Amino acid sequence: MTTGSTARYDGLADWYEERFVAGAEPHQPGLLDLLGPGSGPCLDIGCGTGRNFETIRATGRSVVGVDYSADQLRVARTRTDGPLMVADAAVLPFADASFDTAMVMWISTDVDDFGKVLREAARVLRPGGVLVTYGVHPCFNGPHVVYEEDGSKLIHPSYRQAGWHEESPWWGDDGIRRRVGMSHVPLAEYLNALLTTGLILDRFEEPGDTGVPHSLAFRARRGAPR
């Protein structure tokens, strides 16, 4: 779930599974609607332990998963007999126009160059293919955010400090960010990264029903060749 020379999530798969996946709802809010019905292989980029494989299959598609962490894929293997492989999200091991559907889930905070990941995802889409991206909301989730007990969020002026953050004083002692760090992509940089893909932006969502959104998602399509 990262680019670079090391897999930041190696050694954390069992902890991650227990903390974030075990007992969670089978489908993340709004994801089924964003994907819509389909067929054929869906490339899950940064698939982690396979949390979204059931959702992919529920749409009529089959799973192809890639992640930079072999440890995460070890657990993901318990959820599919489809192809899984260790791969850098920014250098996918697939030819151009290989998939009708691709999804990028929760990795904008874990990769060194989110724009490059999005362009790779767009590259492997066939004409008419769909890309769904779903992850942290850059305005309300990041190293600049403090979570309050009443559900509100305190935003610090460090919002504009893009790039990798090794730590933040308000990160919890037992959270994922304290363990692996976090890349922050401010909203304008995030949206400009989308524009560089050349895809047709189809829909944006702030999934869930919390008063302050935790996540941001979008769907885009590759246009037919002229």
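Residues numbered from 1 in each chain as written. Predicted model: local features only at pLDDT ≥ 70, side-chain atom pairs only at ≥ 80, totals over all residues. Heavy atoms only, no water.

1. A short note on the overall build of the protein
Looking only at helices and strands, the protein features seven helices and 11 strands. Its C-alpha atoms give the protein a radius of gyration of 17 Å, within 12% of the compact-globule value 17 Å for 226 residues. Along the first, second and third principal axes, the C-alpha atoms of the protein reach 50 × 40 × 35 Å. Relative to its 226 residues, the protein shows a buried fraction of 52%. For the protein, contacts bridging at least 24 residues in sequence account for 64% of all contacts bridging at least 6. A total accessible area of about 10,500 Å² is found for the protein, and carbon and sulfur atoms account for 51% of it. Averaging the locations of the 22 positively and 30 negatively charged side chains of the protein gives two centres separated by 7 Å. (Helix = DSSP H or I, 4+ residues; strand = E, 2+ residues; numbered from the N terminus. Rg over C-alpha atoms; globule rule 2.2 N^0.38 Å. Buried < 20%, exposed > 50% of the residue type's maximum accessible area, 1.4 Å probe, protein only. Contact = heavy atoms within 4.5 Å. Areas by Shrake-Rupley, 256 points an atom, 1.4 Å probe, with all protein chains shown as cover. Lys, Arg positive; Asp, Glu negative; His and termini not counted. Charge placed at Lys NZ, Arg CZ, Asp CG, Glu CD.)

2. Looking at the packing of aromatic side chains
Applying the stated criterion across every chain, the model contains seven aromatic pairs. Where Phe 94 meets Phe 99, the ring centres are 5.0 Å apart and the plane angle is 90°; that geometry is what we call edge-to-face. Each member of the pair, Phe 94 as well as Phe 99, is classed as buried. Judged by centre distance (5.2 Å) and plane angle (35°), the rings of Phe 114 and Tyr 190 are tilted. Of this pair, Phe 114 sits in helix α5 (residues 114–123) while Tyr 190 is found in helix α7 (residues 187–195), placing the two residues 76 residues apart along the sequence. In this structure Tyr 190 comes out as buried when scored by relative accessible area, which is 2%. Each residue in the set Tyr 9, Trp 15, Tyr 16 and Phe 20 is aromatic and connected to the rest through ring pairs, giving one cluster. (Phe/Tyr/Trp six-rings, centres within 6.5 Å; stacked < 30°, edge-to-face > 60°.)

3. Details of the UniProt feature "domain: Methyltransferase type" (unreviewed entry) in the protein
Residues annotated by UniProt as "domain: Methyltransferase type" (unreviewed entry) correspond here to residues 43–132. With 26% helix and 30% strand, residues 43–132 has its two end C-alpha atoms placed 10 Å apart. (UniProt positions renumbered as here; feature names shortened; annotations may be inferred.)

4. As for α5
Residues separated by three or four positions in an α-helix point in the same direction, a consequence of the helix having 3.6 residues per turn. With seven of 10 residues buried, α5 lies mostly within the body of the structure. The complete set of buried residues in α5 reads Phe 114, Gly 115, Val 117, Leu 118, Glu 120, Ala 121 and Ala 122. In this structure, the buried side of α5 is in contact with β1 (41–45), β4 (99–105), β5 (125–136), α7 and β11 (215–221). Sitting at the head of α5, Asp 113 places a side-chain oxygen 3.3 Å from the backbone nitrogen of Gly 115. (Polar contact = N/O pair within 3.5 Å; in protein donor to acceptor, adjacent residues only side chain to side chain.)

5. As for the sheet that holds β11
The sheet built from seven strands is open, its strands ordered β3-β2-β1-β4-β5-β11-β10 with mixed pairing. Sheet topology places β3 (84–86) and β10 (200–205) at the edges, where each strand pairs with a single neighbour. Adjacent strand axes in the sheet meet at a mean angle of 15° when their direction is disregarded. Where β4 meets β5, six bridges bridge the pair, whose relative direction is parallel. Bridge pairing links Met 105 to Tyr 134 in β5. On top of the sheet, α5 reaches β1, β4, β5 and β11; it is set at about 150° to β5, its chief contact. (Pairing = 2+ DSSP bridges. Axes fitted to C-alpha atoms, helices over the stretch in contact; angles between N-to-C directions.)

6. Regarding the side chain of Arg 219
Note on placement: Arg 219 falls in strand β11. One polar contact links the side chain of Arg 219 to the main-chain carbonyl oxygen of Leu 34, over a distance of 3.1 Å. Reaching out from Arg 219, the side chain makes a polar contact with the side chain of Asp 202 at a distance of 2.5 Å. Aside from chain neighbours lying at most four places away, what touches Arg 219 is Asp 33, Leu 34, Val 130, Leu 131, Val 132, Ile 200, Leu 201, Asp 202 and Arg 203.

7. Considerations on the pattern of salt bridges
Counted under the stated rule, the structure contains 11 salt bridges. Of the charged contacts, one joins Asp 71 and Arg 74 as a salt bridge, the two residues approaching to 2.9 Å between their closest N and O atoms. You can see Asp 71 and its partner Arg 74 sitting in helix α4 (residues 70–76), three residues apart, about one turn around the helix. Taking the shortest distance from any N to any O, the salt bridge between Arg 123 and Glu 120 comes out at 2.7 Å. Remark: Glu 120 and Arg 123 occur in helix α5; sequence separation between them is three residues, near one turn of the helix. Residue classification places Glu 120 among the buried positions, given a relative accessible area of 12%. Because the salt bridges share partners, they merge into one network encompassing Asp 14, Asp 71 and Arg 74. (Salt bridge = Lys/Arg side-chain N within 4 Å of Asp/Glu carboxyl O.)

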